[in-house]
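What follows is the residue order along each chain.
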Amino acid sequence: PSEGRLEVYYRGQWGTVCSDVFTKLEGYVACRQLGYTDVLKVSTGPSYATNQSIWLSQISCSKPYTSLFSCSYSFDANQCTPLQNTWLVCGKSHS
C-alpha cells in the first residue's frame, strides 16, 4: 500500500485537501485518480496538519468517479482547519 496526506497542485503550488465529511467513497476516487484500485483507509486529524495552504474542502462524491474534480468541492479554505487534512492509504496499484 501507499499512504500520505492528500494534496493537490493549484496555482503553481501544492496544498492540502481537508474535510470533515471525506468518506471511503471520496478516498476511493482519490486513490483511483492516483493510479490505485482501492482505498484501504481514510482519516483526518491533527497528526496530518501542515503549514501548507488548504486548496480543496468539503469534497463530496455521489458515485465512484475517476477524478475528485468530478465531485462537488469548495475552494473556500475557511471551512476547514489544518487539523482536518485528509490522509489516505491506497492499495493495489495499476501496473
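Right above here is the structure, for reference.
Residues numbered from 1 in each chain as written. Predicted model: local features only at pLDDT ≥ 70, side-chain atom pairs only at ≥ 80, totals over all residues. Heavy atoms only, no water.

**Q** What is the right way to look at the packing of aromatic side chains in this model?
**A** The geometry of an aromatic ring pair is captured by the separation of the ring centres together with the interplanar angle, meaning the angle of the planes. Per the counting criterion, the structure on display carries three aromatic pairs. Seen in terms of ring centroids, Y10 and W55 are 5.0 Å apart; in terms of plane orientation they differ by 75°. Their pairing is edge-to-face. Of this pair, Y10 sits in strand β2 (residues 7-10) while W55 sits in strand β5 (residues 54-60), and the two are 45 residues apart along the sequence. Judged by relative accessible area, Y10 falls into the partly exposed class, the value being 25%. Taking relative accessible area as the criterion, W55 reaches 14% and is therefore assigned buried. (Phe/Tyr/Trp six-rings, centres within 6.5 Å; stacked < 30°, edge-to-face > 60°. Helix = DSSP H or I, 4+ residues; strand = E, 2+ residues; numbered from the N terminus. Buried < 20%, exposed > 50% of the residue type's maximum accessible area, 1.4 Å probe, protein only.)

**Q** Before we go on, may I ask you to explain the sheet that holds strand β7 (residues 86-93) in this structure?
**A** Within a sheet, each strand pairs with its neighbour through backbone hydrogen bonds, oriented either parallel or antiparallel. Reading across the sheet, the three strands line up as β1-β7-β4 and stay open at both edges, with antiparallel pairing between neighbours. Strands at the two margins of the open sheet, each flanked by one partner only, are β1 (2-5) and β4 (36-44). The mean inter-strand angle of the sheet, taken between neighbouring strand axes irrespective of direction, is 20°. Two elements, β1 and β7, share four bridges in a ladder whose sense is antiparallel. Bridge pairing links R5 to W87 in β7. (Pairing = 2+ DSSP bridges. Axes fitted to C-alpha atoms, helices over the stretch in contact; angles between N-to-C directions.)

**Q** Would you mind showing me how to read the pattern of salt bridges here?
**A** It is possible for side chains bearing opposite charge to pair when their charged atoms get close. For the structure shown, the criterion picks out two salt bridges. Of the charged contacts in the structure, one is a salt bridge between R5 and E7, with a shortest N-O distance of 3.1 Å. Looking at R5, the relative accessible area reads 28%, which means it is partly exposed. On the accessibility criterion, E7 (24% relative accessible area) is partly exposed. A salt bridge links K92 to D38, with the shortest nitrogen-to-oxygen separation between them at 3.8 Å. Of this pair, K92 sits in strand β7 while D38 sits in strand β4, placing them 54 residues apart in sequence. (Salt bridge = Lys/Arg side-chain N within 4 Å of Asp/Glu carboxyl O.)

**Q** Explanation requested: the sheet that holds strand β6 (residues 72-74) in the structure shown.
**A** With mixed pairing, the four strands of this open sheet are ordered in space as β2-β3-β5-β6. If you trace the sheet from one side to the other, it starts and ends with β2 and β6, each paired once. Strand-to-strand twist across the sheet, computed as the mean angle between neighbouring axes with direction ignored, equals 35°. Taken together, the four bridges between β2 and strand β3 (residues 13-18) define a ladder with antiparallel strand orientation. Paired with E7 across the bridge in β3 is T16.

In short, geometric facts, not functional conclusions.
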